[in-house]
Amino acid sequence: MSVVGFDIGNENCVIAVVKQRGIDVLLNDESKRETPAVVSFGEKQRFLGSAGAASATMNPKSTISQVKRLIGLSYCHPDVQNELRLLPYATSQAPDGSILVHLHYLGDNRTFTPVQIMAMLFSHLKQIAEKNSDTVVSDCVIGIPVYFTDFQKRAYLHAAAIAGLKPLRLLHDCTATALGYGIYKTDFLLGSPTNVVFVDIGHCDTQVSIVSFEAGQMRTLSHAFERSLGGRDFDEVLFTHFAKQFIEEYKIDVYSSVRASTRLRAACEKVKKVLSANAEAPINIECLMDEKDVKGFIKREEFEKIATYLLERITIPCNKALADAGLGVDDIHSVELVGSGSRIPAIIRLLTALFKREPSRKLNASECVARGCALQCAMLSPIFRVREYEVQDCFPFSIGFTTDEGPICTLSNNILFPKGQPIPSVKILTFHRTNMFHLDAFYMDPSELPSGMAPKISSFMIGPFQVSTGGKSKVKVRVVLNLHGIVAVESAYLLEEEEDDSVASSDKMEAEFSSESDVACNGVENGGSSKAESAHIAAANSGEWRASGVDGMQRGRSRRLEIPVSETIFGGMSKAEVSEAQEKELQLAYQDRMMEQTKDKRNALEAFIYETRNKLFDLYRSFCTDVEKEEISKSLQETEEWLYDDGDDESEMVYTSKLEQLKKLVDPVENRFKDDNARQHVTKQLLKRIVDYRTGVKSMANCDRDAVINECNKAEQWLREKMQLQDSLPKNCDPVLWSSEIKRMMEVLDATCRLLMRPRTSPQRQGDTRGADHSDTSDNSWKE
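As the structure is a computational prediction, the values presented were derived from the model and not from experiment.

About the cut-offs
- Residues numbered from 1 in each chain as written.
- Predicted model: local features only at pLDDT ≥ 70, side-chain atom pairs only at ≥ 80, totals over all residues.
- Heavy atoms only, no water.
- 1 Å grid on protein atoms, 1.4 Å probe; cavity = no way out; pocket = protein on both sides within 12 Å on 5 of 7 lines; lining within 4 Å.
- Points joined across faces, edges and corners; volume = space filled by probe spheres on them.
- Helix = DSSP H or I, 4+ residues; strand = E, 2+ residues; numbered from the N terminus.
- Core = buried A, V, L, I, M, F, W, Y, C linked by side-chain atoms within 4.5 Å.
- Buried < 20%, exposed > 50% of the residue type's maximum accessible area, 1.4 Å probe, protein only.
- Contact = heavy atoms within 4.5 Å.
- Patch = residues over 30% accessible without salt bridge, like charges linked within 9 Å, V, L, I, M, F, W, Y side chains within 5 Å.
- Areas by Shrake-Rupley, 256 points an atom, 1.4 Å probe, with all protein chains shown as cover.
- Salt bridge = Lys/Arg side-chain N within 4 Å of Asp/Glu carboxyl O.
- Pairing = 2+ DSSP bridges.
- Phe/Tyr/Trp six-rings, centres within 6.5 Å; stacked < 30°, edge-to-face > 60°.
- Lys NZ or Arg CZ within 6 Å of the ring centre and 35° of its normal.
- pLDDT = per-residue confidence, 0-100.
- Lys, Arg positive; Asp, Glu negative; His and termini not counted.
- Charge placed at Lys NZ, Arg CZ, Asp CG, Glu CD.

## Here's the deal with empty space enclosed by the protein
At step 1: Going through the model one piece at a time under the given rule, you end up with two cavities of 30 Å³ or more.
At step 2: Taken as a whole, the second largest cavity spans an internal volume of roughly 40 Å³.
At step 3: Lining of the second largest cavity is provided by Phe112, Gln116, Ala119, Met120, Ile162, Ala581, Lys584, Glu585 and Leu588.
At step 4: Of all the elements in the fold, those that place two or more residues in the lining of the second largest cavity are helix 3 (114-133) and helix 14 (575-616).
At step 5: Looking at the lining of the second largest cavity element by element, the count peaks at four residues for helix 14.

## Focus: the nonpolar core
The tendency in soluble globular proteins is for nonpolar side chains to be buried as a group.
At step 1: Ile8, Phe122, Tyr156, Phe401, Leu439, Ile462 and Val477 are the most contacted members of the largest nonpolar core, which has 85 residues in total.
At step 2: Sorting elements by how many residues they give to this core places helix 3 first, with 10 residues.
At step 3: Contact partners of valine 477, with chain neighbours within four places excluded, come to Lys427, Ile428, Leu429, Phe431, Phe437, Leu439, Ile462, Val489, Ser491 and Ala492.
At step 4: Leu264, Leu275, Ala281 and Ala321 belong to the second-largest nonpolar core, a separate cluster that totals 48 residues.

## So, a nonpolar patch on the surface
At step 1: Side chains of Leu725, Leu729 and Val736 sit close together on the surface and give an oily, nonpolar patch of about 220 Å² of accessible area.
At step 2: By secondary structure assignment, the location of valine 736 is in the loop between helix 17 (702-727) and helix 18 (739-756).

## Regarding the pairing of strand 10 (residues 108-112)
At step 1: Pairing of strand 9 (residues 99-105) with strand 10, which is carried by five bridges, proceeds in the antiparallel orientation. Each bridged residue has a counterpart across the sheet, and for leucine 103 the counterpart in strand 10 is arginine 110.
At step 2: Joining the antiparallel neighbours strand 9 and strand 10 is a turn of two residues, in which leucine 106 adopts a positive phi near 55°.

## Structural notes on the packing of aromatic side chains
At step 1: Scanning the entire structure with this criterion turns up 22 aromatic pairs.
At step 2: One aromatic cluster is present, formed by Phe6, Phe122, Tyr147, Phe148, Tyr156, Phe225, Phe395, Phe397 and Tyr443 through successive ring pairs.
At step 3: The ring of phenylalanine 437 has arginine 433 lying over it, and the distance from NZ or CZ to the ring centre is 5.2 Å.
At step 4: Above the plane of the ring of tyrosine 493 lies arginine 560, whose end atom (NZ or CZ) is 4.1 Å from the centre.

## Side note on the layout of surface pockets
At step 1: Each pocket or cavity is described by its volume, and for the second largest pocket that value is around 900 Å³.
At step 2: Taken together, 37 residues line the second largest pocket, and the ones lying closest to its centre are Asp96, Ser98, Phe151, Gly571 and Gly572.
At step 3: Put simply, the parts of the chain that give the lining of the second largest pocket at least two residues each are strand 9, helix 3, helix 4 (150-162), strand 25 (456-462) and helix 14.

## Considering the sheet that holds strand 24 (residues 437-443)
At step 1: The strand order across the open sheet built from five strands is 21-20-24-25-33, with neighbouring strands paired in antiparallel fashion. Edge positions in the sheet fall to strand 21 (406-407) and strand 33 (565-569), since each has one partner strand and no second.
At step 2: In the sheet, strand 20 (residues 399-403) pairs with strand 21 via two bridges, with the strands oriented antiparallel. Paired with threonine 402 across the two strands is proline 407, which belongs to strand 21.

## Description of the confidence of the model for the protein
At step 1: This prediction gives the protein a mean pLDDT of 85; 88% of its residues lie at or above 70.
At step 2: Contacts for the low-pLDDT stretch residues 500-555, under 50 throughout, to residues beyond four places or in other chains number 119 contacts.
At step 3: Counting contacts from residues 765-784, a segment whose pLDDT is below 50, to residues more than four positions away or on other chains yields one contact.

## Considerations on the environment of isoleucine 247
At step 1: Inspection of the secondary structure puts isoleucine 247 in helix 6 (residues 231-250).
At step 2: Every residue in contact with isoleucine 247, bar those within four places of it in the chain, is listed here: Ile252 and Asp253.

## A word on a negative patch on the surface
At step 1: A cluster of like negative charges, contributed by Glu638, Glu641, Asp645, Asp646 and Glu650, occupies part of the molecular surface.
At step 2: Relative to the elements of secondary structure, aspartate 645 occurs in the loop between helix 15 (626-643) and helix 16 (652-696).

## Quick look at helix 5 (residues 173-182)
At step 1: Counted residue by residue, helix 5 has nine buried out of 10 residues, so it is predominantly covered.
At step 2: Among the residues of helix 5, those classed as buried are Asp173, Cys174, Thr175, Ala176, Thr177, Ala178, Leu179, Tyr181 and Gly182.

## Describing the pattern of salt bridges
At step 1: Taken as a whole, this structure holds 36 salt bridges when the rule is applied.
At step 2: Salt-bridge contacts for lysine 131 lead to aspartate 29; the nearest nitrogen and oxygen are separated by 3.2 Å. Highlighted residues: lysine 131 in helix 3 and aspartate 29 in the loop between strand 3 (22-25) and strand 4 (35-36), separated in sequence by 102 residues. Each of the two residues, lysine 131 as well as aspartate 29, counts as exposed.
At step 3: Close ionic contact of arginine 227 with aspartate 79 constitutes a salt bridge, the shortest N to O distance being 3.0 Å. With arginine 227 in the loop between strand 15 (217-226) and helix 6 and aspartate 79 in helix 2 (residues 78-86), the pair connects residues that are 148 residues apart, well separated along the chain.
At step 4: According to the relative accessible area criterion, arginine 227 is buried, its value standing at 6%.
At step 5: Look at aspartate 79 and you get buried, because its relative accessible area is 13%.

Laid out in structure tokens, this is it:
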């Protein structure tokens, strides 16, 4: 089994797999290292990746792209509405407020959710990985943007489960980049951490992280982001510029045509890349709209001028990351710039002025996330041994919890998991309750989230449970912020205590911090825990009956009883819905395989028609009669006309039947041709064998030599007579001497001659044997 890292970009995807000697980026069917994040629906088949991108221009309304920008969001979200205005396919609002994509497929109108579309993309990437590694792919680590909320992360996990993948971790993009950067470096300063800023300017977003490196470990200090600022925004600036220019010069409005807009945006992206290395760039598009060819021209200075407002926004997440990390510019040792949108020279100049040093580009801008994810997957999987390296990521948002009685308070504030909390982390909450109660998780500060995101996360019902005593009992709830950065209630249990009469029970709610470490995350610990708290947690988890002594007030015996926990996710998929989506994906995949097999059969029939027609007037010309030639030519012509007319869209069975019918006509002619060549070859072999046997009997006894020569003469006589009959027939008649008959004659000759030529050993006479035995016996007796 392989371990794989996936970087699911807004525009392209990269797959990295761990090999015994390192990490390789896999090639797709087009031998490219990047696979378009596109799913296109034809009339009877899906086209995924590169095939989907190829059909985007001709079939834009059935081609789904930018699904990463839609997953886990509601239809009414402001960013979603901005996205949908740029996307050509039809969408609507689902009853639960999510997004539905409308498509025409298999003769029917169908709807899919962004999670289902993402699952299709995952399935395609999994197929590429399995084809390249020649083994099953299940364990993986998937890169995600730092601004993903709890619901978006769960949507990714559901999509992966639908595709048959098992994500070991959802890893922040910049954390994956930092892991690939730091694990191989050996020149970090001794005694003090090395602070590195990672700026990832992708196709649609910008992420900034500050990571502190030391020997054998890395620790993420802060994350910041600008969700709607990426390379495509600079493309859109060029699109708006040229669209306005074409209205004035050519009187065409590309906004009115989906196909023209798609082509112009693709051309603007190329112009942006040219301007990254050149001072000016032209644009030429043939038949853009209304059968008009368009031309344009722009200089780099003009491009940077009209994109000034975008360039200024680049500094916002950079300054925010510095502030959250509590560092100044002088505390930064280096700046690493990655991402597909990071090649604009003006961005490099801007970051140089901000950090007082030129950004470095040591990492592969497009592959660093996938490589880091693959490396983390190898560290988490038992399949590979990776040298110990501690990866400590941090959570970019603050999470709080409330109960029926109000917010849960810690020693310092109402935040259970503050911003910058290490991932993973565990908190033990202690409550005094008589019956079931609810816990609600939410984001404490909505300003930390991307705009328009709801603060609610999920709700947990603790119970039901029964208290044997009349008063309140102590309930302990284990809350985790797991490797994926998803908050959950892992377990809950009841502690029934036998108290002394002199001790009064207190009705209070408290939060205790555990110092538990998660082995799967290379020993990342939840900080701020005292040894006493650790001892208390160990006591609470180590058995059914324990000495209490929990808060220094109560002493006695305690009994631990597990309490059921049920979770309600706001807008998430249920297990039944995930299973239904898995079944639907299997059906779609089966339909794709059937269509591919049908295409193969159609192509085989088409190739057979052209190949046979050429051979009929070349290689097969002497081996078929005029009647056969006419009949075969007529059948080939009729089949070809049918194939390009009524047979253009038929089933696999029909194509197979047509091919078999043609082969029945062609097989006799083909057999004559093949047997003529084979007959000449085996005839030479038989004659050579006869000569070899005649030469090899010179040293044999007369009787055996005569027998071998007689067999050779018989075979030669038979071959001569048969060849005379065969030579008297034209080549377009079935042969009287088939090559298979000559092979059988050669086998019979070999068996007979080898038997006659086998060395014979003469057995000893019985008297001689007795004499030898008698002599030995007498001799031995004499010796005795």
